[in-house]
Amino acid sequence: MSQKKELQALAKLFFKLGSIAFGGPAAHIAMLEDEVVKKRKWMTDQHFLDLVGATNLIPGPNSTEMTMHVGYERAGWKGLFVAGICFIFPAVCITALFAWLYQSYGQLPNVKPFIYGIKPAVISIILMAAYKLGKKAIKNTELAILGIAALVACVFGINEITVLLVSGFLGLAIYTLKQNTNQLNSFLPLLFLQAIDPSKITGLKIFLTFLKVGAILYGSGYVLFAFLDTELVANGLLSRQILIDAVAIGQITPGPVLSTATFIGWQMHGFTGAILATLGMFLPSFFFVLLLNPLLPRLQKSLKIKAFLDAVNVAAVALIVAVCFTMAKDTLTDWRTIVIAIVSLIMVFVFKKVNSVAIVLGGAVLGYLLTLV
């Protein structure tokens, strides 16, 4: 097949997936495996699994980066960009529409009761994400201790990037001690991003803030909200209600959950803010996949990199749990929100097959009904 036809096939497939892929990264990857391996036979099961494992070696949203890897495998760097953009584009457009509607009508009385119920429901979804990630991330006693230490650091207000990097280096140090070697790999180039201070709402600050997050975001897209809570909410640039509502938007729209960057950027600086936040969030993923895809076979064999990322993943789970504590403190303020939270937690942890979209919509309806009491 010619490259032009390959690109057209990639564009058609990933635009479709970007328009219908609900349910988060795990669901996205399952749908992608069905399309790429079973239906089209573009690659073997083993090669697909190798690519899934490879996405854990680099920052960014796993399912989005998987689309980029598949695009690169089929049509080189052009395929990478076509696949990634076509997967992201529908979600960004839908999210932008929600952002405009929210900004225009979100404060009207007939909308407030629904938003009121969404917030406690969202907390239950994030807790379930933390639970699932935690089960995978905590592989041994050392990582469990690291996770607890990271959670304590987050609760006491230590910067989230510092927590991730320190955890990563501690995990690497533990591995090195076990192997009786003195070699350490350096991730210090990421530290320059630490200096970005979003003290004013400008287009450049929005872009740099989301670029920083996109460049160091490991694990689930829910870690994004932990970062933004520190970067934006703590600095008074965004209300926690908008952040929680952004999580809900991520659940009821298809495609990558990180498209909520579009929603948040819009609330901060209108259409321009939405574009800049989106670019900042996703540009690092394109760069990392383009740079590292040819090197992935060797990187997957590096036990030191694996040790670093294992520790970072545990710290990322701690960030999610810490931000849930903060959200719960601000959200569960009366018996109605507590009831919604309990019902949502039961649905999430007992009836595990219930889709997160249904949880969000159910919370909205329950919130509306309880406000009538």
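Residues numbered from 1 in each chain as written. Predicted model: local features only at pLDDT ≥ 70, side-chain atom pairs only at ≥ 80, totals over all residues. Heavy atoms only, no water.

A. Layout of the pattern of salt bridges. Evaluated as defined, the whole model comprises ten salt bridges. A salt bridge links Arg 74 to Glu 6, with the shortest nitrogen-to-oxygen separation between them at 3.0 Å. Note that Arg 74 is positioned in helix H4 (residues 62-105) and Glu 6 in helix H1 (residues 3-20), a separation of 68 residues in sequence. The exposure class assigned to Glu 6 is buried, which follows from its relative accessible area of 9%. Linking Asp 310 and Lys 139 is a salt bridge whose minimum nitrogen-to-oxygen distance equals 3.1 Å. Residue Asp 310 is found in helix H13 (residues 303-331), and its partner Lys 139 is found in the loop between helix H5 (112-137) and helix H6 (141-155); the two are separated by 171 residues along the sequence. Judged by its relative accessible area of 14%, Asp 310 falls in the buried class. In this structure, a network of salt bridges that share partners links the residues Lys 16, Asp 34, Glu 35, Lys 39 and Arg 40. (Salt bridge = Lys/Arg side-chain N within 4 Å of Asp/Glu carboxyl O. Helix = DSSP H or I, 4+ residues; strand = E, 2+ residues; numbered from the N terminus. Buried < 20%, exposed > 50% of the residue type's maximum accessible area, 1.4 Å probe, protein only.)

B. The arrangement of a nonpolar patch on the surface in detail. A cluster of nonpolar side chains, Leu 332, Ile 338, Ile 342, Ile 346, Val 350, Phe 351 and Val 354, forms an exposed patch at the surface whose accessible area comes to about 570 Å². Structurally, Ile 342 is set in helix H14 (residues 335-349). Looking at Ile 342, the relative accessible area reads 46%, which means it is partly exposed. (Patch = residues over 30% accessible without salt bridge, like charges linked within 9 Å, V, L, I, M, F, W, Y side chains within 5 Å. Areas by Shrake-Rupley, 256 points an atom, 1.4 Å probe, with all protein chains shown as cover.)

C. How the structure looks around the packing of aromatic side chains. What the rule picks out here adds up to seven aromatic pairs. Judged by centre distance (6.0 Å) and plane angle (85°), the ring pair of Trp 266 and Phe 271 falls under edge-to-face. The class for Phe 271 is exposed, based on a relative accessible area of 55%. Grouping aromatic residues by their ring pairs yields a cluster made of Trp 77, Phe 81 and Phe 286. Directly above the ring of Trp 42 sits Arg 40, whose terminal nitrogen or CZ lies 5.8 Å from the centroid. (Phe/Tyr/Trp six-rings, centres within 6.5 Å; stacked < 30°, edge-to-face > 60°. Lys NZ or Arg CZ within 6 Å of the ring centre and 35° of its normal.)

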